[in-house]
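Letter by letter, the chains look like this.
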Amino acid sequence: DFQNVFSIIDSEAVGGVDFLTGGFPVEYGDRMSGVMDISVATPTGPATGAVDLSTISARLLGQGSFNQDRGQWFVSARAWYPDAIAGRRSDAHTEVLTDYYDVLAKVQHRIGERSMLSANLLVAYDDLGYREADEEEVQKVTAEYGSYSAWFNLRSQWSEALFSQAVLSAGRLKRHRTGMVDDVFEGTLVVDDRRSFQFLGLRQDWTHEFSERNVLKWGFDLRYQEADYDYESLSTLEDSGTPGGSDESPTVINTHLEPEGASFAVYLADRIRIIDPLVVELGLRWDRQHWIGENQISPRVNLVYTFTPRTILRAAWGRFHQSQRLNELQ
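Being a predicted model, the structure only gives us computed values, none of them experimental.

A. Geometry of the overall build of the chain. Helix and strand counts for the chain come out as one helix and 16 strands. Among the 330 residues that make up the chain, the fraction classed as buried is 31%. Partitioning the intrachain contacts of the chain with sequence separation of at least 6 by distance along the chain shows that 55% fall at a separation of at least 24. Counting every atom, the chain has about 19,800 Å² of accessible surface; 57% of that belongs to carbon and sulfur.

This is the structure we're talking about:
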């Protein structure tokens, strides 16, 4: 299959994770060292279900079809709660509370004879609590993380040569960390760190096969993002050598940020089979991030030379950029 000649570079697997390192092609942008191309498995076969239960975990898995096999559905739900049996140590001075949950669901249905529409949901949540206390020190830490994403995917084959894929996505990430250390000799540190991130995105990719030796790819990616940072900390330092402790004022950090903005990207690539064993892809990408007012041009060249079905030589040249993420401010 000519369109899968670059399968070791831009795999179109039905379900799984592909790790793309080095010279990945122009449809992947705003990354420097590598990307992960993740796809949800397509449900197949008759309706099935499974339930697993244990003292520290549980799992529900099911899949099936409907409307005379024109539609399929899939759901996986997991829970992990080791603190149910191991939360408190025998010395009674240390307590660990932790649990994790996630849900992955997909439903898809064929539209006409050449299109497939799917709706996907991914939710993950985990928290961790730790407490240790003795006569000289008290430590308490809590960390809570949540990730919520939903997206619609429309794949259409307009003709034998023209194919498109459109993805409308939205999501939210949140994190809340608190910590306290109260040491009789060293002092006190208190931290409250709250962060959240929301996004709404639209992406569309097109592929046109002009001939058995030439395929053109193009597309765009538009996203609006906003984040909230609320970070507060208080620390006091005690000098055990000074009677009554230190007179230094406590150190206070109080930071509140609400960055927001849009990003936009377009790309174009032409894949050509020069000779039977050699395929070359020439690509160009443009990215812009409005919250920092910057844009980048990324030319790329990818080559694949097939010596035998088991021996493939790959080479790439390109320019790669990675902007400051709104949800990754230092």
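Continuing now.
B. Highlighting the pattern of salt bridges. Applying the stated rule across the entire model yields 14 salt bridges. For K217, the salt bridge goes to E27, with nearest N and O atoms at 2.9 Å. Linking K217 in strand β11 (residues 214-237) with E27 in the loop between β1 (16-21) and β2 (34-39), this pair joins segments that are 190 residues apart in sequence. For the pair shown, K217 and E27 are each scored as buried. One salt bridge connects E281 with R271, and the closest N-O pair in it is separated by 2.9 Å.

C. Structural view of the environment of L189. Position of L189 among the secondary structure elements: in strand β10 (residues 187-211). According to the relative accessible area criterion, L189 is partly exposed, its value standing at 39%. Once residues within four sequence positions are removed from consideration, L189 is found in contact with G179, M180, V181, L234 and S235.

D. Here's a closer look at the packing of aromatic side chains. Taken as a whole and judged by the stated rule, the model has eight aromatic pairs. Residue placement shows R223 over the ring face of F199; its charged tip is 5.4 Å from the ring centre.

E. Region of interest: the side chain of N302. Examined against the element boundaries, N302 turns out to sit in strand β15 (residues 294-308). Engagement of the side chain of N302 in a polar contact is seen with the backbone oxygen of G23, the distance being 2.5 Å.

What counts and how
Residues numbered from 1 in each chain as written. Predicted model: local features only at pLDDT ≥ 70, side-chain atom pairs only at ≥ 80, totals over all residues. Heavy atoms only, no water. Helix = DSSP H or I, 4+ residues; strand = E, 2+ residues; numbered from the N terminus. Buried < 20%, exposed > 50% of the residue type's maximum accessible area, 1.4 Å probe, protein only. Contact = heavy atoms within 4.5 Å. Areas by Shrake-Rupley, 256 points an atom, 1.4 Å probe, with all protein chains shown as cover. Salt bridge = Lys/Arg side-chain N within 4 Å of Asp/Glu carboxyl O. Phe/Tyr/Trp six-rings, centres within 6.5 Å; stacked < 30°, edge-to-face > 60°. Lys NZ or Arg CZ within 6 Å of the ring centre and 35° of its normal. Polar contact = N/O pair within 3.5 Å; in protein donor to acceptor, adjacent residues only side chain to side chain.

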